[in-house]
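Here is what each chain is made of, one letter per residue.
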Amino acid sequence: MKRRALLWAALPLTAQAAPTLKAGVFEPAQAAPEFALKGSDGADLNLARFKGKLVLLVFGFTHCPEVCPTTLATLAQTRKQLGADAADVQVVYVTVDPARDDIPRIRQYLAAFDPTFIGGTEAPDKLAAMRKRYGVVAEKIASAQPNAYGMNHSTSVWLIDRAGKLRAMMPYGHEAKDFVHDLKLLLASK
């Protein structure tokens, strides 16, 4: 028995690596650029409003045929899979198409995915300035019909921690389980 104890004591201890995020990590984490938008819930929309929560920031438009609805459906699944922890996560959807995306349209669009999602819009120049601060691109794709144009835009989701710091960016195409993994890690960190 004594010999077995000595054998265990002689084995080297290996440090276990801390779990890593599946999203691309900002190292070091930096303060997320603040913004001031009109919110789809009727209140002013800014990051300070959600201090203490994780924010998933998404840029898109309500006429988007594929990427935006897929992303929002994934985030809705993510919230369901988080269970009670979902109360500490806020999805914020910012339009890249203010000409067509007014508050009522954004509110109706987001409600189809999750009633807790909040969207934002503002004058085109203010939205362009916000996109620049986040490194988001958005450009109109011309169409033969005047109001049938599309938008080419950045498709990643920005993960902002409880203190308002940009922690990571999840590229388009990740499943809900990847978001759940990362959000649980961020919720556990103080």
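Residue positions are counted from 1 within each chain, in the order its sequence is given. Given that the model is predicted, a residue must reach a pLDDT of at least 70 before its local features are reported, and side-chain atom pairs must reach 80 or more before they are shown or counted; all residues, however, enter totals for whole chains, interfaces and linings. With hydrogens and water set aside, each side-chain value is computed from the structure's full complement of heavy atoms.

Chemist: Explain the side chain of Gln90 to me, and be specific about the residues and the numbers.
Modeler: In this description a helix means any DSSP run of H or I spanning at least four residues, a strand means any run of E spanning at least two, and both kinds are numbered starting from the N terminus. Turning to its location among the elements, Gln90 is positioned in strand β5 (residues 89–95). Residue classification places Gln90 among the buried residues on the basis of a relative accessible area of 6%. In what follows, residue pairs with any heavy atoms lying within 4.5 Å of each other are defined as contacts. Beyond its immediate stretch of four places on either side in the chain, Gln90 contacts Phe50, Lys53, Leu54, Val55, Leu56, Thr116, Phe117 and Ile118. Buried residues are those whose accessible area, probed at 1.4 Å on protein chains only, stays under 20% of the maximum for their type, while exposed residues exceed 50% and partly exposed ones sit between those limits.

Chemist: How would you explain unusual backbone geometry if you had to name every residue and give the values?
Modeler: Cis geometry is adopted by the peptide bond preceding Pro28, which originates at Glu27 and carries an omega value of -10°. Mapped onto the secondary structure, Pro28 falls in strand β1 (residues 24–31).

Chemist: Let's hear about helix α2 (residues 67–82): which residues, and what values?
Modeler: Here the expected length of a helix is defined as 1.5 Å per residue gap, with one fewer gap than residues. For α2, with 16 residues, the first-to-last C-alpha span of 22 Å sits near the 22 Å given by 1.5 Å per residue. Every buried residue belonging to α2 is among Cys68, Thr71, Leu72, Thr74, Leu75, Ala76, Thr78, Arg79 and Leu82, and all of these are buried. Check the buried side of α2 and you find it contacts β4 (54–60), β5, α3 (103–111), β8 (150–153), β9 (157–160) and α5 (176–188). Of the residues flanking the end of α2, it is Gly83, one or two places downstream, whose phi is positive at about 60°.

Chemist: An account of the pattern of salt bridges is requested, with residue identities and associated values reported.
Modeler: Whenever Lys or Arg places a side-chain nitrogen within 4 Å of a carboxyl oxygen from Asp or Glu, that contact is recorded as a salt bridge. Within this structure, the stated rule accounts for five salt bridges. With a shortest N-O distance of 4.0 Å, Lys38 and Glu122 are connected by a salt bridge. Pair noted here: Lys38 is in strand β2 (residues 37–39) and Glu122 is in the loop between β6 (118–121) and α4 (124–134), with a separation of 84 residues, a long-range link. Residue class for Lys38 comes out partly exposed when judged on its relative accessible area of 48%. On the basis of relative accessibility, which here comes to 16%, the residue Glu122 falls in the buried class. In this structure, Asp161 and Arg167 form a salt bridge, with 3.4 Å as the shortest nitrogen-oxygen distance.

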